[in-house]
Amino acid sequence: MAKKRTIRTIPQQRTPVREQDPRERVRNFAEVNCGYTRQEAATEAERCLFCPDPACVAGCPVNIDIPGFIREIGAQDFRAAYEVIGRANLLPAVCGRVCPQESQCEGVCVVGDTLEPVAIGRLERFVGDLAIKEGWASIPYIEPNGFKIGIVGSGPAGIACAADMAKAGCAVTVYEAFHQPGGVLRYGIPDFRLPNEVIDAEIENLRKLGVRFECNTLVGRLFTIEQMIDELGFDAVFIGTGAGYPSMLGIPGDCLNRVLSANELLTRCNLMRAKDFPDYDTPLPLGRRVAVIGAGNTAMDAMRVCLRLGAERVFCVYRRTKAEAPARAEEIHHAEEEGIEFHWLTAPVEILPDEKGGVGAMRCIRMELGAPDASGRARPVPVPGSEHELAVDQVVFAIGTNANPIIGQTSKLRLDRRGYIEADESMATSMAGVFAGGDIVTGAATVIEAMGAGRRAARSMKEYLGIRDDGTASLGEAERGGMLFGIDHRERNFARIRLA
Amino acid sequence: MHDASGSAGFEIIRREDFSDVTYLLEIRHPLMARAAKPGQFVIVMSHAQGERIPLTIADFDRGRGSVTLVIQAVGKTTREMQQTCQVGTMLYALVGPMGVPSAIGQAKKVLCVGGGLGTAPIFPQARGFSENGAYVIGVLGFRSKDLIFWEDKFRGCCDELILCTDDGSAGVKGTIADGMKLAIERHRDIEEAVIIGPPVMMKAGAQVTRTAGIKTVVSLNPIMVDGTGMCGGCRVKIGDQVKFACVDGPDFDGHKVDFDDLTMRLKRYAEEEKTALARWSESCRLAQARGSG
Ligand SMILES: Cc1cc2nc3c(=O)[nH]c(=O)nc-3n(C[C@H](O)[C@H](O)[C@H](O)COP(=O)(O)OP(=O)(O)OC[C@H]3O[C@@H](n4cnc5c(N)ncnc54)[C@H](O)[C@@H]3O)c2cc1C
Ligand code: FES
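As the structure is a computational prediction, the values presented were derived from the model and not from experiment.

Student: Help me understand the site of ligand 1, please; the structure alone is not making it clear to me.
Tutor: All names here are of chain A. Surrounding ligand 1, one finds 35 residues, the nearest of these being Val98, Ala157, Glu176, Arg193 and Val219. The contact in question runs from an oxygen atom of ligand 1 to an N or O atom on the backbone of Val184, over 3.0 Å. One nitrogen or oxygen atom from the main chain of Val447 is found 2.9 Å from an oxygen atom belonging to ligand 1. Notes on ligand 1: free accessible area 1000 Å², of which the protein chains cover 95%. Mapped onto the shell around ligand 1, the elements with two or more residues apiece are helix H10 (156-167), helix H15 (297-308) and helix H19 (447-465). Considering every element that reaches the shell around ligand 1, the biggest residue donor is H15, with three residues. Looking at side-chain class alone, the shell around ligand 1 contains 17 nonpolar, 13 polar and five charged residues.

Written out as C-alpha cells, the structure reads:
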C-alpha cells in the first residue's frame, strides 16, 4: 500500500448496489438487492481504514477478520477473501444477506462515525456469491475418527455444528422434520431476500463434507434424544430445533379464517410454493387489504410477500415506533419503498368478522411510549379514546414465538421457565453428550447468533469427546481472539482417538 | 437422491380398496412402526409439488415394519393419490408419528366410536384399550352396508361391536350418536368414550356423552402445514384456550372443543380446493381422451 488511508482519502460515498426497481419488484420474487460486481466490491473495499484494533471484528458475533478479507478484495484476490471469511463463517452468502449489520459490524465501523460505514455485509455477500459461482468451497482431507454425531434441526445452528464436526472427522447425520433442509432460511426468509439456490448450494457443500441429511424425521416422536444416545449409537447430539410456536394475539377474532401467523404464510409461500398455486397444490388465498402486526424481520417478510401475491394495500401495525422496530434497517427501507403503509404506535384490539367467517375490519388503538419496561424499551401505553377501525380483510400476526414443545415433551432434558432448552455457556444441556443452541435455547434471535451457537457447541462436543483441536484448544481465550470459532487447518491432524 | 430432501421416498407395499372412495395404503417405515402409538398421525406429501396433509395412523405393524393409512378421496390431493399411489410407488414425504399419543388408561369399560374419516383411526385405540384389559364397545358408522370395512379386525379387539348405517342396510339404522345411545342404555358403567370422525359427528357424539356424564376424548383434524407447532394453522379452541392440534393434541376433551370453530376453519381453503379439483379433473379427462383417442 502506497499511502496510508485516512478518512479524507477514501471514497466518501458508499458504493451503491443495484436494486430491482420497487415498482417492478413488487410483482416478482426475484432478489431485490442484486449484489456488487467485482469492480464495485473492489471500490467499496477502498473505504476500509484497516484499523489496528478493528471494532467491526469485535462487533461480529463470530468475529470474522473483516479488515483481513476486505484487504484481499482490495487486492482482487477474491478467493483469499473467501478463505479469510471461511475461517469464521460458513455461510457468507447467507449472512451477508440477512445479518443485522447496522447493529453489528457496520454499527461500530469507525468510518461510520463520519461517513456511511463500510458496506461490510454487501462485501461479505459478494464473496459468498462468488464462491458459490466458482465452486470454491474447499473440501479438506478428513481423517475419519469413528465418532457418530446426531444433529436435530437443519437451521443455521444445526448446519454450523454439523460442518465443524464433519471437518473434525466425525460421521454426522442431520435430522430435519420438514421435507427440505435449511430451517428458517428455507421456510421463512423469502426468495427475494435469500434465493433458494443459495441455500441449496450451502447444503450441497455440507454434503460434500460428508454430512448426511435425513429429512422427514421428527426427532422426539420418531425416536427420542435419549434413544439417539442409547440405541442409535450417537456419541453426541446437538439440538437446534428453532423457536417455532408463534405467539397468538390473544384478542377477540384471532382465530377467524383470514387471520394467520406470518410463519404459516411464509411456509406456505416459500417452502410449499403456494405462490405457484395451482401448479403446486398448497393454497394461500389472501385479502386485498392486509394488516400485518409486528415490525420484526418476520413481519417485514410477510408484508412484502403479501404485496407480491397481489394485495392492494398492506399495513404494518406496530405498537412502538420505527426506532424500536426490531427488523433489519434495510428491510424496513425496502418495505417503505415498496409502499407498505406503516401505522406506528398502534395496537390491535379486536378483529371483527365479516359474514363468512373471514375478516371484516380490525379495531386498533393508538399508543404512546411511557416509562421503560423490564427490557429497557419504552413501554407502549394505550391512549384513551383513540380507538379506530382499520378496513382490512386479512390479518397476519408476527409478534414473536414461544418455545417449540416437542423435545421437551419427549425427553428428560431440563427446560427453562419459558420452555426453552437449558444450556450453559459451552452449550451443554442437562444431559451428558447432548448440546443445544440457536433459537431453541435463546428464543428467537438471528441467523449469525444461531450459527455462532452451533460452532460453540461443536467446540464443546469435541472437548467432550476428547477430540484434540490443535488450533484452538490449547490456546487461552484471549489468544484465540478472532479465531474463536475458526477452524484451523491443523485440526485434521488429531490422532484417531477411539476405535470404531 | 432426488432433490434437496435427499430422500428417495417411502414405498407403498400394500393397497386395498374398500369402496370407490376409501382406500388403504400400507407403507414401509420400520422406525415409524416401532415408534407409533394410538392416536398419532403422519403428514404426507404424495409428490414434490403436493401439499402436506395430515392422516391419522390407522394401524402399525412392528413385525412388518409398516404403517397403514386409510384415506377417503375427498379433495384433489386424496383423489390424485387414489390414482397414483400403487404398490411399489413411493410417497415423496412421510413424517411422523406426530402428536401426543392417546392416553390409553385403565378404564374398565370404554366406548370407541368411529365414523367417516375416523373409522380406521379408532382401531389402534380400540386395540390399545383391549390390550389394557378394558371391555371395549365399538361403534362404527357407515353410509351403507357395502361401505363397511375392517369388521373382522374390530370384532377381534372389541367385546361388542355396534354397526350403524344411514340407510339401515346393516346394523342399527341411524348415526353413531344412535349407536352410542344404545350402548349407553345397555351399559350404565361406561367410563370413557373416544370419538374420531368429522367434526359434526364428533360434536353429536360428544353431546350424547355429555348428557350421560361420560368422559370423552376426541381426535381433531384441522388443516395443517408443518405438524410441528411452527405455523399455528392447526389452532383449535378448547374451552377458553387456543391450542395447536399438532403438538398439543390431536386428542382433546370432547366436551370443551369448539366444534363450530373447527368446522369453520376447515373451510378456509374451500374455494381454492374447488379450483384445484376442477383443474385436476379436467386434466384427467383430457388425459383420458388422449389415451382413448
Ligand atoms: C421470517 C423470518 C425472517 C428472519 N429474518 C432474519 C434476518 O433477516 N436476519 C437474521 O439474522 N435472522 C432472521 N430471522 C431469525 C433467524 O432465522 C433465526 O434466528 C435462525 O434461523 C435460528 O436458527 P436455528 O438453527 O436455531 O433454528 P431454525 O432456523 O428455526 O431451524 C430449526 C429447524 O429444526 C427443525 N426441527 C424442529 N423441531 C424438530 C424436531 N423435533 N426434529 C427434527 N427437526 C426439527 C425445524 O423444522 C427447522 O427446520 C428470521 C426469522 C424468521 C422466521
Ligand atoms: S400444523 Fe403448523 S402448528 Fe400445527
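Let us keep going from here.
Student: Help me understand the sheet that holds strand E4 (residues 236-239) of chain A, please; the structure alone is not making it clear to me.
Tutor: Hydrogen bonds along the backbone pair up the strands of a sheet, which may run parallel or antiparallel. Residues and elements named next belong to chain A. Pairing in this open sheet of five strands is parallel, and the strands run E3-E2-E1-E4-E14 from one edge to the other. Pairing within the sheet leaves two strands with one partner each, and these edge strands are strand E3 (212-214) and strand E14 (434-436). Neighbour-to-neighbour, the strand axes of this sheet turn through a mean angle of 20 degrees, independent of strand direction. Note: strand E1 (residues 148-152) against E4, four bridges, orientation parallel. Bridge pairing in E4 places Gly150 opposite Val237.

Student: Can you walk me through the packing of helix H2 (residues 38-45) of chain A against helix H9 (residues 120-134) of chain A in this structure?
Tutor: Axes are the key here: two packed helices are described by the angle between their axes and the distance separating the axes. Residues and elements named next belong to chain A. Closest axis-to-axis distance for the H2/H9 pair is 10 Å, and the angle between their directions is 145 degrees. Crossing angle aside, the handedness with which H2 passes H9 is left-handed. Along its contact with H2, which presents Arg38, Ala41, Glu44 and Ala45, the element H9 presents Leu123, Phe126, Leu130 and Glu134. Split into classes, the residues belonging to the contact of H2 with H9 amount to five nonpolar, no polar and three charged.

Student: Help me understand helix H14 (residues 262-271) of chain A, please; the structure alone is not making it clear to me.
Tutor: Side chains of residues three or four places apart in an α-helix project in the same direction, reflecting 3.6 residues per turn. Residues and elements named next belong to chain A. With ten of its ten residues buried, H14 lies for the most part within the structure. Restricting attention to buried positions, one finds in H14 the residues Ala262, Asn263, Glu264, Leu265, Leu266, Thr267, Arg268, Cys269, Asn270 and Leu271. Buried positions along H14 lie against helix H11 (184-187), helix H12 (196-208), strand E5 (259-261), H15 and strand E13 (394-397). Following H14 by one or two positions, Arg273 has its phi on the positive side, about 55 degrees.

Student: Would you explain the pairing of strand E8 (residues 93-98) of chain B in this entry?
Tutor: On a regular strand, one side chain projects to one face of the sheet and the next to the other, so that they alternate. All names here are of chain B. Where burial is concerned, most of E8 is hidden: six out of the six residues are buried. Pairing analysis gives four bridges linking strand E3 (residues 41-45) to E8, with the strands arranged antiparallel. Counted as the bridge partner of Met45 is Ala93 from E8.

Student: Teacher, can you tell me more about the pairing of strand E10 (residues 359-372) of chain A here?
Tutor: All names here are of chain A. Relative to E10, strand E9 (residues 346-353) runs antiparallel, the two being bridged by seven bridges. Among the inter-strand pairings, Thr346 is bridged to a residue of E10, identified as Arg366. Linking two consecutive strands that pair antiparallel, namely E9 and E10, is a turn of five residues; a positive phi of about 85 degrees is found at Gly357 within it. Summarising the sheet, E10 and strand E12 (residues 388-390) pair through three bridges and their orientation is antiparallel. Bridge pairing in E12 links Cys364 to His388. In the sheet, E10 pairs with strand E11 (residues 378-382) via four bridges, with the strands oriented antiparallel. Counted as the bridge partner of Glu368 is Val381 from E11. Between E10 and E11, which pair antiparallel and follow one another directly, the connecting turn spans five residues, one of which, Gly376, has a positive phi of 90 degrees.

Student: Hey, could you run me through the pattern of salt bridges in this one?
Tutor: When the charged atoms of two side chains with opposite charge come close together, those side chains can pair. All names here are of chain A. Under the definition given, this model contains 53 salt bridges over all chains. For the salt bridge of Glu341 with Arg313, the shortest nitrogen-to-oxygen distance reads 2.6 Å. With Glu341 in strand E8 (residues 341-343) and Arg313 in strand E7 (residues 313-317), this pair connects stretches of sequence that are 28 residues apart. Since its relative accessible area comes to 24%, Glu341 is described here as partly exposed. Through salt bridges with shared partners, a single ionic network connects Arg25, Arg193, Asp301, Arg304, Arg308, Arg328, Glu330, Glu331, Glu337 and Glu338.

Student: Explain unusual backbone geometry here, please?
Tutor: One can expect most non-glycine residues to show negative phi and most peptide bonds to be in trans. Each neighbour pair has its own omega, and for Phe277(A) with Pro278(A) the value is 5 degrees, a cis peptide bond. By secondary structure assignment, the location of Pro278(A) is in the loop between H14 and strand E6 (289-293). For the bond running from Gly96(B) to Pro97(B), omega is -5 degrees, close enough to zero to count as cis. Among the structural elements, Pro97(B) can be located in strand E8. Positive phi, normally seen in glycine, also occurs at Gln76(A), with a value near 60 degrees. By the secondary structure assignment, Gln76(A) is in the loop between helix H4 (66-74) and helix H5 (78-86). Despite not being glycine, Asn216(A) shows a phi value in the positive range, around 60 degrees.

Student: Sorry if this is basic, but what is going on with empty space enclosed by the protein here?
Tutor: Over the atoms a probe the size of a water molecule is rolled, and this reveals where empty space is left. All names here are of chain A. Tallied over the full model, the rule gives four cavities of 30 Å³ or more. Approximately 120 Å³ is the volume found for the largest cavity. Broken down by secondary-structure element, the contributors of at least two residues to the lining of the largest cavity are helix H3 (55-59) and H4. Sorting elements by how many residues they give to the lining of the largest cavity places H4 first, with three residues.

Student: Would you take a moment to explain the environment of Met165(A) for this structure?
Tutor: Residues and elements named next belong to chain A. Mapped onto the elements of the fold, Met165 is located in helix H10. The class for Met165 is buried, based on a relative accessible area of 0%. The sequence separation of Met165 and Leu209 amounts to 44 residues, and the corresponding C-alpha distance is 9.9 Å. Non-local contacts of Met165, meaning those with residues more than four positions away in its chain, are made with Ile149, Cys170, Val172, Ala458, Met461, Lys462 and Leu465.

Student: Mind showing me how you'd approach the sheet that holds strand E1 (residues 10-17) of chain B here?
Tutor: Residues and elements named next belong to chain B. The five strands lie next to each other as E5-E6-E2-E1-E7, forming an open sheet whose pairing is antiparallel. In this open sheet, the two edge strands, each paired with only one partner strand, are strand E5 (59-61) and strand E7 (90-91). Here E1 pairs with strand E2 (residues 22-28) via five bridges, running antiparallel. Looking at E2, one finds that Glu16 is bridged to Leu24.

Conventions we followed
Residues numbered from 1 in each chain as written. Chains lettered and ligands numbered in written order. Predicted model: local features only at pLDDT ≥ 70, side-chain atom pairs only at ≥ 80, totals over all residues. Heavy atoms only, no water. Near = heavy atom within 4 Å. Polar contact = N/O pair within 3.5 Å; in protein donor to acceptor, adjacent residues only side chain to side chain. Areas by Shrake-Rupley, 256 points an atom, 1.4 Å probe, with all protein chains shown as cover. Helix = DSSP H or I, 4+ residues; strand = E, 2+ residues; numbered from the N terminus. Nonpolar A, V, L, I, M, F, W, Y, C, P; charged D, E, K, R; others polar. Pairing = 2+ DSSP bridges. Axes fitted to C-alpha atoms, helices over the stretch in contact; angles between N-to-C directions. Left-handed = near helix turned anticlockwise from the far one by under 90°. Contact = heavy atoms within 4.5 Å. Buried < 20%, exposed > 50% of the residue type's maximum accessible area, 1.4 Å probe, protein only. Salt bridge = Lys/Arg side-chain N within 4 Å of Asp/Glu carboxyl O. 1 Å grid on protein atoms, 1.4 Å probe; cavity = no way out; pocket = protein on both sides within 12 Å on 5 of 7 lines; lining within 4 Å. Points joined across faces, edges and corners; volume = space filled by probe spheres on them.

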